[in-house]
Amino acid sequence: MSVKQISVFLENKSGRLAAVARLLASRGINIRALSIADTSDFGILRLIVDRPEEAYRALKEEGFTVSLTDVLAVAVPDRPGGLAPALEALSEANLNIEYLYAFVARHADQALVLLKVDDRERAVKVLEEAGFKVPSPEEIYSL
Amino acid sequence: MRVVSGLRRGETLSREELRELQLVRLKALLVRVYERVPFYRRKMDEAGVKPEDIRSLEDIRHLPFTTKEDLRENYPFGLFAVPLKDVVRIHASSGTTGKPTVVGYTRRDLNLWAELVARIVRMAGVGRGDVAQVCFSYALFTGGFGLHAGLERVGATVVPAAAGNTERHVRLMQDFGTTVLVGTPSYILHIAEVARQMGVDPRRLKVRKALCGAEPWSEGMRAEIERTWGIEAYDNYGLSEIIGPGVAGECLERQGLHINEDHFLVEVIDPNTGEPLPVGEKGELVFTTLTKEALPLIRYRTRDLSRLLPGPCPCGRTTIRMERVMGRTDDMLIIRGVNVFPSQIEEVITSIPGLAPHYQIIVDRKGYLDELEVQVELAQEGFTGSYEDLESLEEAVRHRLQSILSITPKVKLLEYGSLTRSTGKAKRVIDRRRGGEG
């Protein structure tokens, strides 16, 4: 149940992020979610898009330093206290989260959380056993 | 079918025969320059040495050095030993600081030059049947014309593609079935990048060898070129003042570069004191051109640092070998009192997986302290998407540099392709301490 995430290494100089967005736009690729982690020197842009393989190839061809990473998506209720039980379940199962970011789906009262964990398969099991829905990659790409 | 012809007599003399030949040639050279070059007559008179005082090769230490400044002060033709009408070719080295240094060749010099480059080419196992693409500039710089003549001499099919227009290089390689690339190591690596951008896998081309020269490079860089292209890369050495390429080159053993000693007498000196060093010690290379006509030079200080590797070579050549040049005395950075060569930094960068061999060294002064910043590109396949991996890469570079240089540098990772690529000698160092870049 892994969702393909695109990671792009970006130097902190103006116009780099715009260049990524412009390239994806020109290929008609839609960004579903994004997050940026940065230091003073560089940043990592993480993207969930509707056509990840195609976006990956396009970025690589344009010379971007890019990689595809498997992440996990989990749906949590979009209300106070929605996220905490999911994280607690993972923590109790001793699963480490490297990073996560979230977005709120348009049509439902749920938020989607994207997680990079060390043992994805076990995390899926833990979350499902705790009563959370783990959407399929197709559901995420087509949101 | 490739035909690589055999060794020349000058490459296989016994050490005694070679020394005899060198002494005869040295004596004749001194007579010639004393008669014909006022600069040398004056210098030798000042030093109180006459040509006939030199009775053994060891006596050479009584002769004065020649420096790049001497060439500049006698710009353009002041050190020529023949009238200009006998000079059939002029080359010059780029004058990044001040006037260029001008060198001249008689017809016999050009013939000798081609012969000596031909030796270097044969040493690397290149010969008739090879299609050799020259990626050096063909201009005042000696690289292009020098390699061209030597390659023709061995019977290779020479493609004078010259530096620049990199996409055309790739197309020519595809269309002509190029088997040998000739250029600076940094440019040869860049051609592979451009090939990939064009959708051409460099490893699938017919290229089998590269003859690299004209800039100091590291073993790590060699490994990178060999891996990227799927070829063998050979080092060769020369400088325009001495003749251009053709002074020394690697044989198939690749354990040092054989110096064409029957035409160039080599010494290694302490760059600070000028005193000759025992064989095997690291110092500045000094050459005396034994047979050149237009521009004979006595004890020319190259500013290149290396050491001699005595002992027989399995290839059968008896000429002494020199270690690859680790850098020039003028490239040496002194950072907080520590001597740093760009090649040391390159060695570290190319030894760490995940980094591309494209880097820049920035030296600056904050207050009273020198600061070293190393900017290096991530390899395209080296990026995993993980923040931790990037941090440990930075830490690995910092740690390795710190352990060899005793300075903790700032390390900055760059996007692949971020630094400008060079078609000739790569510019790696920006020293802001001197005010301005350079």
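Cut-off values and rules
Residues numbered from 1 in each chain as written. Chains lettered and ligands numbered in written order. Predicted model: local features only at pLDDT ≥ 70, side-chain atom pairs only at ≥ 80, totals over all residues. Heavy atoms only, no water. UniProt positions renumbered as here; feature names shortened; annotations may be inferred. Helix = DSSP H or I, 4+ residues; strand = E, 2+ residues; numbered from the N terminus. Rg over C-alpha atoms; globule rule 2.2 N^0.38 Å. Buried < 20%, exposed > 50% of the residue type's maximum accessible area, 1.4 Å probe, protein only. Contact = heavy atoms within 4.5 Å. Areas by Shrake-Rupley, 256 points an atom, 1.4 Å probe, with all protein chains shown as cover. Lys, Arg positive; Asp, Glu negative; His and termini not counted. Charge placed at Lys NZ, Arg CZ, Asp CG, Glu CD. Domains from an automatic or database assignment. Salt bridge = Lys/Arg side-chain N within 4 Å of Asp/Glu carboxyl O. Core = buried A, V, L, I, M, F, W, Y, C linked by side-chain atoms within 4.5 Å. Pairing = 2+ DSSP bridges. Right-handed = clockwise from strand over helix to strand, strands pointing away. Patch = residues over 30% accessible without salt bridge, like charges linked within 9 Å, V, L, I, M, F, W, Y side chains within 5 Å. Buried area = accessible area lost by both parts, 1.4 Å probe. Axes fitted to C-alpha atoms, helices over the stretch in contact; angles between N-to-C directions. Polar contact = N/O pair within 3.5 Å; in protein donor to acceptor, adjacent residues only side chain to side chain. Nonpolar A, V, L, I, M, F, W, Y, C, P; charged D, E, K, R; others polar.

The name recorded for chain B in an unreviewed UniProt entry is Phenylacetate-coenzyme A ligase, from Ammonifex thiophilus. Its UniProt record gives chain B the following Catalytic activity (unreviewed entry) comment, quoted word for word: "2-phenylacetate + ATP + CoA = phenylacetyl-CoA + AMP + diphosphate". Quoted verbatim from the Function (unreviewed entry) heading of the UniProt record, the comment on chain B is "Catalyzes the activation of phenylacetic acid (PA) to phenylacetyl-CoA (PA-CoA)."

An unreviewed UniProt entry lists chain A under the name ACT domain-containing protein, from Ammonifex thiophilus.

A.B. asks: Where do I start with the overall build of chain A in this structure?
C.D. replies: From N to C terminus, chain A includes five helices and six strands. Taken from the N to the C terminus, the helices and strands of chain A come in the order β-α-β-β-α-β-α-β-β-α-α. The C-alpha radius of gyration of chain A comes to 16 Å, within 12% of the 15 Å expected for a compact globule of 143 residues. When the backbone C-alpha atoms are referred to their principal axes, chain A occupies close to 45 × 30 × 25 Å. When the 143 residues of chain A are sorted by exposure, 48% land in the buried category. Taking the contacts inside chain A whose residues are at least 6 apart along the sequence as the reference set, 70% of them involve residues at least 24 apart. Of the roughly 7100 Å² of accessible surface on chain A, 48% is carried by carbon and sulfur atoms. If the 17 positive side-chain charges of chain A are averaged to one point and the 21 negative ones to another, these points end up 6 Å apart.

A.B. asks: Is there a simple way to think about the domain arrangement of chain B in this case?
C.D. replies: Many structure descriptions define interface size as the accessible area lost when the parts assemble. All names here are of chain B. The assigned domain composition of chain B is domain 1 (1–329) and domain 2 (333–434). Put simply, the middle of domain 1 and the middle of domain 2, counted by C-alpha atoms, are 29 Å apart. In this assembly, 24 residues from domain 1 lie in contact with 16 residues from domain 2. In this assembly, domain 1 and domain 2 are joined by one salt bridge.

A.B. asks: Teacher, can you tell me more about the nonpolar core here?
C.D. replies: Residues and elements named next belong to chain B. Core analysis: the biggest nonpolar cluster contains 70 residues, and Leu26, Leu151, Leu211, Tyr237, Phe287 and Met322 have the highest contact counts within it. Examining the composition of this core, we find that seven residues originate from one element, helix H5 (residues 107–123), more than from any other. Look past the residues within four positions of Leu151 in its chain and what remains in contact with it is Val121, Val126, Ala132, Val134, Ala156, Val158, Val182 and Leu211. Counting residues in hydrophobic clusters, the runner-up holds 28 residues, among them Leu355, Ile361, Val376 and Val397.

A.B. asks: Would you mind showing me how to read the pairing of strand E3 (residues 131–134) of chain B here?
C.D. replies: Where a strand is regular, its side chains alternate between the two sheet faces. Residues and elements named next belong to chain B. Of the two faces of E3, the one holding Val131 and Gln133 and the one holding Ala132 and Val134 are both buried throughout. As paired strands, E3 and strand E4 (residues 157–159) are joined by three bridges and run parallel to one another. Within the sheet, the bridge partner assigned to Ala132 lies in E4 and is Val158. Once you follow E3 into helix H6 (residues 142–154) and on to E4, the crossover reads as right-handed. Where E3 and strand E5 (residues 180–183) come together, three bridges link them in parallel fashion. Counted as the bridge partner of Ala132 is Val180 from E5.

A.B. asks: So what exactly am I meant to see when it comes to the UniProt feature "domain: AMP-dependent ligase C-terminal" (unreviewed entry) in chain B here?
C.D. replies: Look at the UniProt record and you will see "domain: AMP-dependent ligase C-terminal" (unreviewed entry) annotated at residues 337–433 of chain B. Taken end to end, residues 337–433 of chain B is 30% helix and 34% strand, and its two terminal C-alpha atoms sit 14 Å from one another.

A.B. asks: How should I be thinking about a nonpolar patch on the surface in this particular structure?
C.D. replies: All names here are of chain A. On the surface, a cluster of nonpolar side chains totalling about 260 Å² of accessible area is made up of Leu17, Leu34 and Ile36. Looking at the secondary structure, you find Ile36 in strand E2 (residues 31–38). Here Ile36 falls in the partly exposed class, since its relative accessible area comes to 43%.

A.B. asks: Help me out: how do you make sense of the interface of chain B and chain A in this one?
C.D. replies: If you look at the interface, chain B gives 18 residues, while chain A gives 22 residues. Summed over both partners, the interface of chain B with chain A comes to about 1700 Å²; 50% of that surface belongs to carbon and sulfur atoms. At the junction of chain B and chain A, the tally comes to two salt bridges. Lys410(B) serves as the salt-bridge partner of Asp41(A), at 3.2 Å between the closest nitrogen and oxygen.

A.B. asks: For this particular structure, what's the right way to read the sheet that holds strand E5 (residues 97–104) of chain A?
C.D. replies: Residue and element names in this part refer to chain A. Taken in spatial order, the six strands of this open sheet run E2-E3-E1-E4-E6-E5, and their pairing is antiparallel. Edge positions in the open sheet fall to E2 and E5, since each of these has one partner strand only. Pairwise comparison of adjacent strand axes, ignoring direction, gives a mean angle of 30 degrees for this sheet. As paired elements, strand E1 (residues 3–11) and strand E3 (residues 42–49) share six bridges and run antiparallel to each other. By the bridge assignment, Glu11 is partnered in E3 with Phe42. Contacts between helix H4 (residues 120–129) and the sheet are confined to strand E4 (65–77) and strand E6 (110–117), with E4 contributing the most and set at about 10 degrees to the helix.

A.B. asks: Got a minute to help me understand the domain arrangement of chain A in this structure?
C.D. replies: All names here are of chain A. Along its sequence, chain A is organised into domain 1 (3–69) and domain 2 (71–135). Taken over C-alpha atoms, the centre of domain 1 sits 23 Å from the centre of domain 2. Listed per partner, the contact involves ten residues of domain 1 and eight residues of domain 2. Buried area between domain 1 and domain 2, summed over both chains or domains, comes out near 780 Å², and the portion from carbon and sulfur atoms is 61%. In this structure, the connection of domain 1 to domain 2 is made through zero salt bridges. In this structure, the connection of domain 1 to domain 2 is made through four residue pairs in polar contact (both at pLDDT 80 or more). Contributions of two or more residues to the side of domain 1 that touches domain 2 are made by E1, E2 and E3. Among the elements that make up the side of domain 1 that touches domain 2, the one with the highest residue count is E2 (four residues). Residue classes in the side of domain 1 that touches domain 2 are distributed as five nonpolar, three polar and two charged.

A.B. asks: Looking at this structure, how should I read the pattern of salt bridges?
C.D. replies: Pairing between side chains of opposite charge can happen when the charged atoms of each approach one another. All names here are of chain B. Throughout the structure, instances matching the rule amount to 43 salt bridges over all chains. Between Arg299 and Glu267 there is a salt bridge; the shortest N-O distance is 2.8 Å. Of the two residues, Arg299 is situated in the loop between strand E11 (283–289) and strand E12 (300–306) and Glu267 in strand E10 (residues 264–269); the sequence distance between them amounts to 32 residues. Given a relative accessible area of 2%, Arg299 falls into the buried group. Given the relative accessible area of 10%, Glu267 is considered buried. Note that Glu371 is salt-bridged to Lys366, the shortest N-O span being 3.6 Å. Owing to a relative accessible area of 32%, Glu371 belongs among the partly exposed residues under this scheme. Connected via shared salt-bridge partners are Glu219, Arg222, Asp235, Glu250 and Arg324.

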